[in-house]
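# Coordinate inspection notes
Residues per chain, in single letters:
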Amino acid sequence: MPSPDLEKFRIAIDAHRAKLADACAAVRDAAGLEELRNRYLSRKRGFVTLLFEDLKKFEAADKPAAGQLLNLLKTEIQEKLAALEESLRTPAAGGPGVDLTLPGERLTWGAAHPLRIFQREIESIFQEMGFGIEDGPEIETDYYNFEALNFPPNHPARDDWDTLYINDNLLLRTHTSPVQIRIMEKHKPPIRIIIPGKVYRRETPDPTHAAMFFQVEGLVVDRNVTFAHLKGTLEYFLKRLFGDKLKTRFRPSFFPFTEPSAEVDIECLACGQKDPACRVCGGTGWKEILGSGMVDPQVFKNVNIDPEQYSGWAFGLGVERTAMFAYGIPDIRYFYENDLRFTRQFHLK
Amino acid sequence: MKISLNWLREYVDIEMPRNELLDRLTMIGLICEKWTETPDGDTVFDIETYANRPDTLGHLGIAREISAMTGFPLKERIHPVVELPIPTSEIVEVQVLDEDLCPRYTGFVVKGVKIGPSPENLRKKIEAMGLKPINNVVDASNAVLFATGQPIHMFDLEKVAGPRVVVRRAKKGEALRTLDGKNAALGPDMLVIADEKRPVAVAGVIGGEESGITEATRDVFIESAVFDPASIRRTRKALEIQTDACYRFERGADIGFAPEAAAMAASLLCSFGGRVSKGLVDIYPKPRKAKELVLRSLRTADLLGVAVPDAFIEKTLVALGFSVKPSAQGSWRVLVPSFRVDIEREADLIEEIARFFGYDRIPAVVASLGILDPVASDRLQIGRLSQQFFHFGFDEVVNASFADPDKETVLGTGRRPVTLRNPFSVHAAILRTTLLGGLLVNLRHNQNHGTEAVHIFEIGEVFSWADESRHVEELTLGLLSAGPLGLPQWSRPPAAANFHHLKGSLESALGALRYAMLVYEPAEHPSFEEGSALAVLYKGERIGIMGRVRDAICETYGAAGPAFAVEIALGVLLEKKAGTFAYEPSPKVPAVVRDLSFFVARDVSYQDIKSAVERAAVKFLESFDVIDRYAGPNNPPGQTSLSMRFVYRNPQATLLAEEADKSEQKILKTLKAAFKIELRKGGGA
Ligand SMILES: [Zn+2]
């Protein structure tokens with residue numbers, strides 16, 4: 001049999017409960033909600049707080065039951081207030097009083113780094129042509145980085161590849177070409193791969209130089225591979241990258257690991273080959289975009305491939321340089337600042 | 001290499017407009033992007049040259065290329081002199097003691113030279129090369145170098161004791177005050193030119209001050225020699241000197257041309273009143289035979305993909321100075337001129353043919369290609385992982401592999417860093433042993449540029465020494481999260497970066513690769529606040545660490561915390577076998593969902609509860625998770641309140657309430673026994 005005190009308490013609680021729905025319905029905004037919250041739950045003068053004070057007056061036998069009643073009410077009020085808060089924030093579609101012209105929620109997602117985007121774009125063109133993708137270590141030996149690639153020790157050709165050394169034998173690879181050697185040592189032709197990756201040079205960073213940058217190299221080794229294939233494949237690749245109408249130019253150059261060697265220029269997209277004062281192409285109308293050539297017979301000998309049976313071609317291109325040219329990015333260092341205002345733009349590409 | 005058009009015309013006729021000349025030079029591999037026009041109507045080109053083509057480091061060599069390109073022959077060169085009746089060897093004694101480093105040494109003496117300003121024509125040449133004319137003898141020496149690529153050295157004969165000229169290795173402790181006013185300490189691996197007593201020049205690199213040409217010089221010893229390229233390179237590196245002479249010697253001087261260069265210099269000096277000694281001193285103990293190569297017409301076509309006419313091949317090679325004799329059917333025996341040190345194989349000859357035939361005339365052919373190996377699977381996994389992180393709002397970053405040793409120490413990875421011997425900056429003197437440093441630099445940069453929400457990840461290598469002789473490169477995944485998770489909204493404020501958001505992102509992303517769930521254990525790490533870090537384990541192996549970055553470390557990097565970070569040895573993980581994918585039919589029978597709310601001692605970790613439930617192997621239990629947690633003052637002291645949701649299902653038949661009850665009781669029993677949990681009022685069961 002509940003004591004009369006307890007019964008009175010129950011009635012008081014029910015009365016509060018009954019008013020709760022109306023009180024909630026009257027709330028129109030966050031200020032109203034806050035006011036209501038205070039009315040019930042304020043630590044000093046909230047109704048519920050005061051009712052907890054009343055609890056102290058109960059006989060020991062009634063205390064648990066009264067406490068349970070009050071806790072239930074408190075939970076109920078908290079839930080109602082939470083629901084109310086939620087409804088104030090996310091108005092039901094088309095519900096009354098909602099400004100439908102308020103902006104939709106701004107959702108965010110992460111973006112790939114621009115260098116990865118360009119790298120993947122290049123990779124996918126070659127993958128469609130049936131090239132595999134390979135990689136290799138960034139710390140290399142002198143043998144793989146230079147000697148196997150036909151750079152004799154003490155040869156001035158090494159000066160063009162300013163090298164960061166760890167010790168007499170170990171260095172940071174200056175190009176991804178050592179991977180060519182590693183692959184040719186392991187696999188017999190036919191070989192058709194590209195090698196994307198980080199490479200290193202001893203450069204003081206400035207708008208056009210970085211001590212680390214990305215390169216994509218390619219290598220084809222098979223019977224009857226000719227310079228004409230090199231031209232055809234690279235021309236196709238560059239057109240896929242820059243557009244069908246792109247003009248390309250192959251001109252002689254020198255790399256120790258290819259013979260004959262060719263530098264590939266593409267028409268200057270900044271001035272359309274028309275501005276003698278163009279800052280992008282220096283008025284020449286052309287922009288150097290990649291280096292290439294037929295694999296040097298000495299390189300083949302170094303990996304025990306018979307240059308009389310097989311021939312091959314290789315190319316290398318700097319990812320940053322290419323991206324800078326394609327999008328008019330003035331400073332290579334932007335790629336490594338990782339300013340999200342910069343990097344996030346490129347997923348729209 | 002600076003090339004004067006007027007000077008070129010002394011060697012070959014050039015009859016085309018400048019732009020056409022530049023275009024055609026480009027197409028034979030001689031690129032010129034800069035040129036200047038001098039007031040007196042000359043044009044000076046700045047032509048790029050290659051390390052293997054020392055023959056193009058003079059006007060004569062460039063003229064030879066133009067001659068082969070245009071068909072205009074090289075002009076005849078004459079070097080008139082006024083001769084003394086005295087043989088050179090009677091005036092000066094020349095000895096080569098180390099012929100391995102000096103395969104050829106030639107010289108003349110010119111007596112009675114009147115030192116003075118150079119004549120107009122010579123001055124202009126020197127100025128065109130960007131140098132200041134000094135006097136006629138010094139200018140003549142430079143003129144021969146720039147004309148022919150062959151460095152010449154002129155000694156004041158009266159300052160050469162003996163006079164004897166000895167080509168030998170330096171003796172230990174010898175030194176020389178060089179023309180640039182520095183004292184060069186010489187070593188036994190350096191070749192010097194010495195007189196009777198001491199060195200007077202560092203061979204092929206730089207002359208000595210004392211034996212140099214002065215206003216008082218009357219008699220000159222002209223040296224025209226060839227030195228070993230590697231030795232020159234080592235010496236000039238050791239002495240930290242770069243001169244026009246050593247630049248050419250280290251690329252390989254023309255051993256056949258030394259006498260003509262000496263004659264050319266003598267002729268110039270005779271025009272300044274000098275008279276030249278009779279007969280060249282020419283010490284050339286092992287005359288080199290011209291290299292002979294076989295060139296096959298068919299091989300040329302095979303490599304280039306186009307048939308170049310035989311007549312064109314012959315004509316081009318002859319114009320370039322090769323001697324060409326038809327040999328067996330469809331091939332030639334080709335003798336290589338001494339100035340072409342780069343031509344050693346048939347492929348080198350084929351390049352010459354291609355250069356002059358024109359790369360633009362070689363067709364562009366896309367070969368039809370057979371099927372080869374597919375892509376390595378690591379790349380696919382990395383791609384999928386990245387996609388997950390993009391989805392969770394993490395931006396990819398790429399940082400340089402270099403680290404600042406001082407800052408890296410603070411991060412305390414315990415790895416022995418790989419140090420660069422010749423770093424480009426002291427702040428980039430080691431290779432990174434962790435990705436965290438780079439991520440913190442990115443955090444600072446973005447915070448300084450108004451971006452508060454920085455949730456980034458990087459996949460890249462970290463480097464260290466595994467032991468004294470073995471270095472390792474480890475593919476690593478790093479994430480860093482700081483600031484609000486999302487953009488400000490009018491409808492609700494975004495949450496702030498926190499440990500469990502980062503943890504969840506990592507777990508979900510790795511889950512997408514079908515790796516088994518990660519396990520954690522509390523860890524302490526210099527990078528992370530005390531009590532805030534967990535070691536990440538995969539099947540018992542420690543593969544990473546995550547936690548709240550120490551505020552002091554954020555400060556070191558100039559960034560503002562709180563920042564949460566994780567680093568995972570991704571390469572180690574990718575070597576593990578991921579689970580295989582298998583299709584599972586969606587259940588056709590409904591599940592029974594039951595919640596349990598209970599108090600549990602605060603020091604019991606969820607991971608412990610989870611493994612206890614898993615170990616209990618509860619029948620019909622399909623999945624479970626924690627859905628609420630309360631650790632506030634309303635709990636009994638030392639207790640946390642947890643609500644967990646359990647999903648029960650019998651895939652074969654609709655689960656009965658009693659069956660679910662039985663399973664639920666088993667869970668309760670397990671948890672009570674293991675952790676003395678106490679069900680909350682109305683907490684279920
Ligand atoms: Zn342009």
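Residues numbered from 1 in each chain as written. Chains lettered and ligands numbered in written order. Predicted model: local features only at pLDDT ≥ 70, side-chain atom pairs only at ≥ 80, totals over all residues. Heavy atoms only, no water.

## Some remarks on the overall build of chain A
Inclusion rule: Helix numbering and strand numbering both begin at the N terminus, where a helix is a DSSP run of H or I of at least 4 residues and a strand a DSSP run of E of at least 2. C-alpha atoms define the radius of gyration, and 2.2 Å times the number of residues to the power 0.38 defines the globule rule. Three exposure classes are used, based on accessible area relative to the maximum for each residue type with a 1.4 Å probe and protein chains only: buried under 20%, partly exposed in between, and exposed over 50%. Note on contacts: a residue pair qualifies if any of its non-hydrogen atoms lie within 4.5 Å across the two residues. Residue exposure ignores everything except the shown protein chains as possible cover, and the areas themselves are Shrake-Rupley values with a 1.4 Å probe.
Looking only at helices and strands, chain A has twelve helices and nine strands in total. Since a compact globule built from 349 residues should have a radius of gyration of about 20 Å, the 36 Å found for chain A marks it as more spread out than a globular shape. Taken along its principal axes, the extent of the C-alpha atoms in chain A is 110 × 50 × 40 Å. Within chain A, buried positions represent 53% of all 349 residues. Summarising the internal contacts of chain A: among those between residues at least 6 apart in sequence, 66% fall at separations of at least 24. Carbon and sulfur atoms form 51% of the exposed surface of chain A, whose accessible area is close to 16100 Å².

## Some details on the domain arrangement of chain A
For clarity, the threshold we go by: Bear in mind that the domain bounds are from an automatic or database domain assignment.
Segmenting chain A into domains produces domain 1 (4-89) and domain 2 (114-348). A separation of 73 Å is found between the C-alpha centroids of domain 1 of chain A and domain 2 of chain A.

## Brief notes about helix H5 (residues 114-128) of chain A
All names here are of chain A. Rules: Given a helix with a known number of residues, its expected span is that number minus one, times 1.5 Å.
Helix length check: H5 (15 residues) gives 21 Å between terminal C-alpha atoms against 21 Å at 1.5 Å per residue, within 8%. Restricting attention to buried positions, one finds in H5 the residues Pro114, Leu115, Arg116, Ile117, Phe118, Gln119, Ile122, Glu123, Ile125 and Phe126. Remark: glycine 130 follows H5 within two positions and exhibits a positive phi of approximately 90 degrees.

## Regarding the coordination of the zinc ion
Residues and elements named next belong to chain A. Rule in force here: In this listing, donors mean N, O and S atoms no farther than 2.8 Å from the metal, or 3.2 Å for Na, K and Ca; water is missing from the atoms, so a site can look incomplete. Four donors are marked tetrahedral only if all angles between them lie between 85 and 135 degrees, whereas four are marked square planar and six octahedral if opposite donors are more than 155 degrees apart and the other angles lie between 65 and 115; the remainder are marked irregular.
Every protein donor of the zinc ion is listed here as Cys268 (SG), Cys271 (SG), Cys278 (SG) and Cys281 (SG), and their distances to the metal cover 2.2 to 2.3 Å. Taken together, the four donor atoms surrounding the zinc ion define angles of 105 to 111 degrees at the centre, an arrangement classified as tetrahedral. Considered as a linear motif, the donors of the zinc ion on their single chain read C-x2-C-x6-C-x2-C.

## So, the packing of helix H11 (residues 310-319) of chain B against helix H12 (residues 346-357) of chain B
Residue and element names in this part refer to chain B. Where we set the bar: Helix axes are fitted only over the stretch in contact, all axes being lines through C-alpha atoms; the angle between N-to-C directions runs from 0 to 180 degrees. Put simply, angles under 35 degrees are roughly parallel, angles over 145 are roughly antiparallel, angles from 65 to 115 are roughly perpendicular, and the rest are oblique. Residues are sorted three ways: Asp, Glu, Lys and Arg are charged, Ala, Val, Leu, Ile, Met, Phe, Trp, Tyr, Cys and Pro are nonpolar, and all the rest, Gly among them, are polar.
The contact between H11 and H12 brings their axes to 10 Å, and the two run at 100 degrees. Comparing the axis directions of H11 and H12 gives the class roughly perpendicular. Contact residues: H11 offers Phe312, Ile313, Thr316 and Leu317, while H12 offers Leu349, Glu352, Ile353, Phe356 and Phe357. Across the contact of H11 with H12, the residue classes tally to seven nonpolar, one polar and one charged.

## Quick notes on the environment of Asn650(B)
All names here are of chain B. By the element assignment, asparagine 650 lies in the loop between strand S31 (639-648) and helix H20 (657-675). Linking asparagine 650 and leucine 280, residues 370 residues apart in sequence, is a C-alpha distance of 107 Å. Other than its neighbours up to four places away in sequence, asparagine 650 contacts Val589, Phe620 and Leu655.

## A look at the packing of aromatic side chains
In this description, a pair of aromatic rings is defined by centroid distance and the angle of the planes. Residue and element names in this part refer to chain A. The criterion, for reference: Only rings of Phe, Tyr and Trp enter the pairing, Trp through its six-membered ring, and a pair is recorded when the two centres are within 6.5 Å. The plane angle decides the type: under 30 degrees is stacked, over 60 is edge-to-face, the rest tilted.
This model, assessed by the stated rule, comprises 29 aromatic pairs over all chains. For the ring pair phenylalanine 237 and phenylalanine 315, a centre distance of 6.2 Å and an interplane angle of 35 degrees mean the geometry is tilted. Here the residue phenylalanine 237 occupies a position in helix H8 (residues 227-242), and phenylalanine 315 occupies one in strand S9 (residues 311-318), the gap between them amounting to 78 residues. Owing to a relative accessible area of 0%, phenylalanine 237 belongs among the buried residues under this scheme.

## Looking at the pairing of strand S8 (residues 164-169) of chain B
Remember that side chains alternate between the two faces of the sheet whenever the strand is regular. All names here are of chain B. Threshold: Paired strands are those between which DSSP finds at least two bridges.
In this structure, strand S5 (residues 93-96) lies alongside S8, joined through four bridges in parallel fashion. Bridged to valine 94 within S8 is valine 165. Pairing geometry for S8 and strand S11 (residues 191-194), over four bridges, is antiparallel. Pairing of arginine 169 across the sheet is with leucine 191, part of S11.

## Details of the sheet that holds strand S25 (residues 519-523) of chain B
All names here are of chain B. Strands sit in the order S20-S23-S24-S28-S27-S26-S25 across an open sheet of seven strands; the sheet is mixed. The two strands at the open ends of the sheet, each matched to only one other strand, are strand S20 (395-396) and S25. Lying over the sheet, helix H16 (residues 499-512) contacts strand S24 (471-482), S25, strand S26 (533-538), strand S27 (541-548) and strand S28 (563-568), oriented at roughly 25 degrees with respect to S28.

## Considerations on the side chain of Thr476(B)
Residue and element names in this part refer to chain B. As a reminder of what qualifies: Under this definition, polar contacts are N or O atom pairs within 3.5 Å; protein pairs additionally need one hydrogen-donor-capable and one acceptor-capable atom, and for neighbouring residues in sequence, both atoms have to be side-chain atoms.
Here threonine 476 is to be found in strand S24. Relative accessible area serves as the criterion here: at 4%, threonine 476 is assigned to the buried category. Polar side-chain contacts of threonine 476 include one of 2.9 Å to the backbone oxygen of glutamate 474. What threonine 476 contacts, discounting residues up to four positions off in sequence, is Leu435, Glu458, Ile459, Gly460, Val462, Glu567, Ile568 and Leu570.

## Structural notes on unusual backbone geometry
For the peptide bond that leads from Pro189(A) to Pro190(A), omega is 5 degrees, which places it in the cis range. Following Gly162(B), the chain continues into Pro163(B) via a peptide bond in cis, with omega recorded as -10 degrees. Within the secondary structure, Pro163(B) sits in the loop between strand S7 (153-156) and S8. Positive phi outside glycine occurs at Asn224(A), with the angle close to 60 degrees. Relative to the assigned elements, Asn224(A) resides in the loop between strand S5 (212-222) and H8. Unusually for a residue other than glycine, Lys539(B) sits at a positive phi of about 45 degrees. Tracing the chain through its elements places Lys539(B) in the loop between S26 and S27.

## Quick word on the interface of chain B and chain A
Often the size quoted for an interface is simply the accessible area lost on bringing the parts together. The cut-off we apply is this: Note: buried area is the sum, over both parts, of the accessible area (probe 1.4 Å) each one loses when the two are combined. We define a salt bridge as a contact between a side-chain nitrogen of Lys or Arg and a carboxyl oxygen of Asp or Glu at a distance within 4 Å.
Facing 85 residues of chain B, the contacting portion of chain A comprises 89 residues. Taken together, the two surfaces of chain B and chain A that pack against each other cover about 7600 Å², and 54% of this comes from carbon and sulfur. Linking chain B with chain A are seven salt bridges, by the criterion used here. Residue Glu123(A) is joined to Arg379(B) by a salt bridge in which the shortest nitrogen-to-oxygen separation is 2.6 Å. Seen at the junction of chain B and chain A, the total is 36 residue pairs in polar contact (both at pLDDT 80 or more). With seven residues, the single largest contributor to the side of chain B that touches chain A is strand S23 (residues 454-465) of chain B. For the side of chain B that touches chain A, the class distribution of residues is 41 nonpolar, 21 polar and 23 charged.

## Focus: the pattern of salt bridges
Residues and elements named next belong to chain B. If you walk through the whole model with that rule in mind, you get 62 salt bridges over all chains. A salt bridge links arginine 649 to glutamate 622, with the shortest nitrogen-to-oxygen separation between them at 2.6 Å. Here arginine 649, found in the loop between S31 and H20, pairs with glutamate 622, found in strand S30 (residues 621-630); they are 27 residues apart in sequence, far enough to count as distant. Through salt bridges that share partners, Arg53, Asp55, Glu65, Arg340, Asp342, Glu352 and Arg355 make up one connected network.

## Thoughts on H11(B)
Residues and elements named next belong to chain B. Our working rule: Here, the arc refers to the directions that run from the helix axis to the C-beta atoms.
All of the buried residues in H11 are Phe312, Ile313, Thr316 and Leu317. Down the axis of H11, the buried set is contained in an arc of 120 degrees. They therefore lie on one face. For H11, the exposed residues lying more than 90 degrees away from the buried face are Ala311 and Lys315. Buried residues in H11 make contact with strand S17 (292-296), helix H10 (297-304), strand S18 (323-326), strand S19 (331-335) and H12. Immediately beyond the C-terminal end of H11, within one or two residues, lies glycine 321, with a positive phi of roughly 100 degrees.

## Observations concerning the sheet that holds S5(A)
Residues and elements named next belong to chain A. Ordered in space as S1-S4-S5-S9-S8-S7-S6, the seven strands form an open sheet in which the pairing is mixed. The outermost strands of the open sheet, each flanked by one partner alone, are strand S1 (132-133) and strand S6 (248-255). Here strand S7 (residues 258-267) runs beside strand S8 (residues 286-295); their pairing, made up of eight bridges, is antiparallel. Looking at the pairing, glutamate 267 lines up with tryptophan 286 of S8. Of the strands in this sheet, S6, S7, S8 and S9 are in contact with H8, which crosses S8 at around 145 degrees.

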